[in-house]
Amino acid sequence: MTERLTIFSTIDDLRNASDEVLINGIDAVGREVVLEYILELRRNVQPTQFGPPIICPAPPTLPELPLDQLCIRENTASENQAARSKSSRNQIKFTACFKNSTKSAVDLIWKNYGGEEELVRQNLQPGDTHKQSTCLTHPFIARDSDTRKLQSFLYNTKTSAVFEGLNFGVPHNGSVTVSICEGKFEDIEPELPEPSFNVFEKDQTAEELASKSKSHNAYKSFTARFKNNTKSNIDLIWKNYDGEQVIVRQDIEPGVTHAECTYFTHPFIARDSATQQLRSFSFNSITSVVFEGNNFGVKRGGDVVTVGIC
């Protein structure tokens, strides 16, 4: 009896004992050892209605990632944002003065209309600036000249790996100073879908511009007050998401205004009610046969703007 008590005096004795020894010496198991063993089984055994209990494996030990791999994971979202960005046609220009506020030389890069990287300025030294005339929907990125790591832009209390005037709230036709900084990104996802048609292409006819335009999903709305400044009745037409013409209001008489709540990426055209000839829109010193708030420089959601039909 003394030997049995010695054999089953600890929980390890129970784990290591054979079935035969357990059966023959079950009465020699100490009460505290049995309770401890039962609690261990409850923690590590998962019951199932289709068979015997399944032993749950211990969680695997994950290796610690080196610091450089952690940095790569942290910057993945910014690299994806940089890869997705590309320029859209826009007539509203401004001047950006990019200042290198990092401790290393940086390359300033423009993302063209195909989303490809085009070098604007190479090896911009710490503290130096580069002035660039650009448009509101032209994105830029900056990379460390040696490591090729993405840097961030800072303007108007906003930071992002991609600088685009439209998303940073740049004033139209103005001049701004944008800092190129190091550190973590607070990426700014585009608030508006970028236009996928070329409203301002010079080599396209008015009818080609009108036919290629179509609506895109947007989040910000505004009110456009279309005023007929012509001498004829006008049909106001919305281009829907498939590019089809949907009449919003027919026979708007000369001098009459029609108010329409719309979105930044919803285009409109206007036709003479009798001849169906295209008319132009005029707003913010911009004139085009296609009106879209995003390309005409409507500033904020909720704004009310008056657009002339001429």
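Cut-off values and rules
- Residues numbered from 1 in each chain as written.
- Predicted model: local features only at pLDDT ≥ 70, side-chain atom pairs only at ≥ 80, totals over all residues.
- Heavy atoms only, no water.
- Helix = DSSP H or I, 4+ residues; strand = E, 2+ residues; numbered from the N terminus.
- Buried < 20%, exposed > 50% of the residue type's maximum accessible area, 1.4 Å probe, protein only.
- Contact = heavy atoms within 4.5 Å.
- Areas by Shrake-Rupley, 256 points an atom, 1.4 Å probe, with all protein chains shown as cover.
- Phe/Tyr/Trp six-rings, centres within 6.5 Å; stacked < 30°, edge-to-face > 60°.
- Pairing = 2+ DSSP bridges.
- Axes fitted to C-alpha atoms, helices over the stretch in contact; angles between N-to-C directions.
- Salt bridge = Lys/Arg side-chain N within 4 Å of Asp/Glu carboxyl O.
- Core = buried A, V, L, I, M, F, W, Y, C linked by side-chain atoms within 4.5 Å.
- pLDDT = per-residue confidence, 0-100.

Remarks on the overall build of the chain
Within the chain, the regular secondary structure consists of eight helices and 19 strands. In the chain, which comprises 310 residues, the proportion classed as buried is 41%. Contacts in the chain between residues far apart in sequence, at least 24 positions, make up 65% of those at least 6 positions apart. Here the chain has roughly 17900 Å² of accessible surface; of this, 49% comes from carbon and sulfur atoms.

Some thoughts on the packing of aromatic side chains
One pass over the structure, following the stated rule, counts 14 aromatic pairs. Arranged with centres 5.9 Å apart and planes meeting at 90°, the rings of Trp 110 and Tyr 113 form a pair that is edge-to-face. Centroid distance Phe 153 to Phe 163: 5.9 Å. Interplanar angle 45°. Geometry classified as tilted. Of the two residues, Phe 153 is situated in strand E8 (residues 152-155) and Phe 163 in the loop between strand E9 (158-160) and helix H7 (165-168); the sequence distance between them amounts to 10 residues. Its relative accessible area of 0% is what places Phe 153 among the buried residues. The class of Phe 163 is buried, set by a relative accessible area of 0%. Joined through ring pairs, the aromatic side chains of Phe 222, Phe 226, Phe 264, Phe 268, Phe 281, Phe 291 and Phe 296 make up one cluster.

Details of the sheet that holds strand E7 (residues 140-144)
Judged by pairing direction, the sheet is antiparallel, and its three strands sit side by side in the order E5-E4-E7 without closing on themselves. The sheet is open, and its two edges are formed by strand E5 (117-124) and E7, each paired on a single side. With strand direction ignored, the average angle separating the axes of adjacent strands in the sheet is 25°. Pairing analysis gives five bridges linking strand E4 (residues 106-111) to E7, with the strands arranged antiparallel. Across the sheet, residue Trp 110 finds its bridge partner in E7, namely Phe 140.

Observations concerning the pattern of salt bridges
If the charged atoms of two oppositely charged side chains come close together, the side chains can form a pair. What the rule picks out here adds up to five salt bridges. For Glu 207, the salt bridge is made with Arg 271, and the minimal N-O distance between the two is 3.1 Å. Placement of the pair is Glu 207 in helix H8 (residues 206-212) and Arg 271 in strand E15 (residues 268-272), with a sequence separation of 64 residues. On the accessibility criterion, Arg 271 (8% relative accessible area) is buried. A salt bridge links Asp 272 to Arg 279; the nearest nitrogen and oxygen atoms lie 3.2 Å apart. By relative accessible area, Arg 279 is classed as partly exposed at 22%. Beyond isolated ion pairs, a larger network of salt bridges with shared partners links Glu 79, Glu 117 and Arg 143.

Focus on the nonpolar core
The biggest cluster of nonpolar side chains holds 37 residues, and the ones touching the most others in it are Phe 98, Phe 153, Phe 163, Phe 226, Phe 281 and Phe 291. In this view, Phe 163 contacts Phe 94, Ala 96, Phe 98, His 138, Pro 139, Phe 140, Phe 153, Tyr 155, Phe 168, Val 170 and Val 178; residues no more than four positions away in its chain are not counted. Ranked by size, the runner-up nonpolar core spans seven residues in total, among them Leu 209, Ile 269, Val 289 and Val 290.

Quick notes on the confidence of the model for the chain
Here the chain shows a mean pLDDT of 76. Residues at 70 or above account for 66%. Counting contacts from residues 45-60, a segment whose pLDDT is below 50, to residues more than four positions away or on other chains yields 10 contacts.

Some thoughts on the sheet that holds E9
Pairing within the open sheet is mixed, and its five strands lie in the order E6-E3-E10-E8-E9. What marks the edges here is a single partner per strand, and that holds for strand E6 (129-135) and E9. Each strand axis lies, on average, 30° off the axis of its neighbour in the sheet, ignoring direction. Relative to strand E10 (residues 175-181), E8 runs antiparallel, the two being bridged by three bridges. What sits directly across from Ser 152, in E10, is Cys 181.

Focus: the pairing of strand E11 (residues 221-228)
Alternating residues of E11 divide into Phe 222, Ala 224, Phe 226 and Asn 228, all buried, and Ser 221, Thr 223, Arg 225 and Lys 227, none buried. Judged from the seven bridges that link them, E11 and strand E14 (residues 257-263) form a sheet pairing that is antiparallel. The residue of E14 that forms the bridge with Phe 222 is Thr 262. Relative to strand E19 (residues 304-309), E11 is paired through six bridges, and the arrangement is parallel. Bridge pairing in E19 places Lys 227 opposite Gly 308.

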